[in-house]
Amino acid sequence: VTHEQNAFPGITTKALCKYVDKVLLAVPEAKKHLKDGPEYTVVGNPIREDIIFADREKARQKFGVGERVCLVSFGGSLGARVLNEAVVDVIEWHHKKDQVHHIHATGKHDVTYVKQLLEQKHLDVQQNPHIDVREYIDDMADCLAAADLVICRAGAITLSELQAQGKASILIPSPNVAENHQYHNAMAMVNRDAAMIIEEKDLTSQLLCKTVEDLFAKTGKVEEMAANAKKMAILDANERIYKIIKD
């Protein structure tokens, strides 16, 4: 038995398909990239319980979101320079309106850089309780639970967590991954109207701001995307995988 977490299978899965009895898939889209032979079963990706059981209202109280729109953005533990630059401009765009609570993780490499960008734009985030810029999100379950919209990369587990919590998202796939698999991960959600996609080559501050603004301008659009993401969720992946191995 082998398991493929991405929508575009990696070389390990492709190689093992010649030898295994069963290939377990996170999403059905992966099957079209694999040869016939073994038995294929969609089981999802295992999700941490704190993600599955996080409480939206408690999380929003924890962060003091109130009636504001809650944005959560991140680019991975090391950070993503282009994403950080665009998000700083999103913060500049919304901070005066005081209608948004924004949690952003810069990643390890860009902590000082993002601080400098904010200072250049005269944004004193230290004095604004509704702009939470930090190096790393270590309470992701609560952050996602509080969020109305998430801006992030398109790693397989991240997307499974968005689905588990039923969250609308703007996905910016990393092009610096094997066989551009994050793009395929993102499109599995985009094709079900569960997310928007902006490829990194197209990413500008103006486009990201406009995409966020347009989503909230369309009544019910964010909620519809969130509901479609929730429909994709597989919350019992552990049990499905275990049962197949046991059988």
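Residues numbered from 1 in each chain as written. Predicted model: local features only at pLDDT ≥ 70, side-chain atom pairs only at ≥ 80, totals over all residues. Heavy atoms only, no water.

Caption draft 1: The sheet that holds strand β1 (residues 2-4), seen in detail. Read from one edge of the open sheet, three strands run β1-β2-β3, paired in parallel fashion. Here the strands that pair on one side only, and so sit at the sheet edges, are β1 and β3 (39-42). Averaged over all pairs of adjacent strands, the angle between their axes in this sheet comes to 25°, without regard to strand direction. Examined bridge by bridge, strand β2 (residues 22-25) and β3 share four bridges and lie parallel to one another. Within β3, the residue paired with Leu 24 across the bridge is Thr 41. The strands that helix α11 (residues 237-246) touches are β1, β2 and β3; relative to β2, the one it contacts most, it runs at about 175°. (Pairing = 2+ DSSP bridges. Helix = DSSP H or I, 4+ residues; strand = E, 2+ residues; numbered from the N terminus. Axes fitted to C-alpha atoms, helices over the stretch in contact; angles between N-to-C directions. Contact = heavy atoms within 4.5 Å.)

Caption draft 2: The packing of helix α7 (residues 156-165) against helix α10 (residues 221-232), seen in detail. Where α7 meets α10, the closest approach of the two axes is 6 Å, and the angle between their N-to-C directions is 110°. Taken as axis vectors, α7 and α10 run roughly perpendicular relative to one another. Of the residues in α10, those touching α7 at Leu 162, Gln 163, Ala 164 and Gln 165 are Ala 229, Lys 230 and Met 232. Tallied by class, the residues present in the contact of α7 with α10 amount to four nonpolar, two polar and one charged. (Parallel < 35°, antiparallel > 145°, perpendicular 65-115°, else oblique. Nonpolar A, V, L, I, M, F, W, Y, C, P; charged D, E, K, R; others polar.)

Caption draft 3: Summary view of helix α3 (residues 56-63). Residues Ala 59, Arg 60 and Phe 63 constitute the buried set of α3. Each buried residue of α3 sits inside an arc of 95° when the element is viewed along its axis, so together they form one side. With respect to the buried face of α3, the exposed residues turned more than 90 degrees away are Lys 58 and Gln 61. On its buried face, α3 sits against β4 (69-74), β5 (100-105), β6 (131-134) and α6 (140-146). Structurally, the start of α3 carries an N-cap: the backbone nitrogen of Glu 57 is 3.1 Å from a side-chain oxygen of Asp 55. Where α3 terminates, the next one or two residues include Gly 64, which has phi positive at roughly 70°. (Buried < 20%, exposed > 50% of the residue type's maximum accessible area, 1.4 Å probe, protein only. Arc of directions from axis to C-beta. Polar contact = N/O pair within 3.5 Å; in protein donor to acceptor, adjacent residues only side chain to side chain.)

Caption draft 4: Just α7, in detail. With eight of its ten residues buried, α7 lies for the most part within the structure. The set of residues buried in α7 consists of Ala 156, Leu 159, Ser 160, Glu 161, Leu 162, Gln 163, Ala 164 and Gln 165. For α7, the secondary structure elements touched by its buried residues are α2 (49-52), α6, β7 (149-152), β8 (168-171), α8 (181-190) and α10. Two residues or fewer past α7, Gly 166 is found with a positive phi of approximately 65°.

Caption draft 5: Broad picture of the packing of aromatic side chains. In this structure the tally under the stated criterion is zero aromatic pairs. We note Arg 81 situated over the ring of Tyr 113; from NZ or CZ to the ring centre the distance is 3.8 Å. (Phe/Tyr/Trp six-rings, centres within 6.5 Å; stacked < 30°, edge-to-face > 60°. Lys NZ or Arg CZ within 6 Å of the ring centre and 35° of its normal.)

Caption draft 6: The arrangement of the sheet that holds strand β9 (residues 196-197) in detail. Across the sheet, six strands lie side by side as β6-β5-β4-β7-β8-β9; this open sheet has parallel pairing. Both outer strands of the open sheet, β6 and β9, are each paired with one neighbouring strand and no more. As defined by bridge partners, β5 adjoins β6 across four bridges and the pair is classed as parallel. What sits directly across from His 104, in β6, is Val 133. Helix α9 (residues 205-217) rests against β4, β7, β8 and β9 of the sheet, and its axis sits at about 160° to β7.

Caption draft 7: Here's a closer look at the layout of surface pockets. Empty space within the largest pocket amounts to approximately 370 Å³. Around the largest pocket, the lining is made up of 19 residues, and of these Phe 74, Gly 76, Ser 77, Met 140 and Thr 158 lie nearest the centre. Considered class by class, the residues forming the lining of the largest pocket number six nonpolar, eight polar and five charged. (1 Å grid on protein atoms, 1.4 Å probe; cavity = no way out; pocket = protein on both sides within 12 Å on 5 of 7 lines; lining within 4 Å. Points joined across faces, edges and corners; volume = space filled by probe spheres on them.)

Structural measurements only, silent on function.
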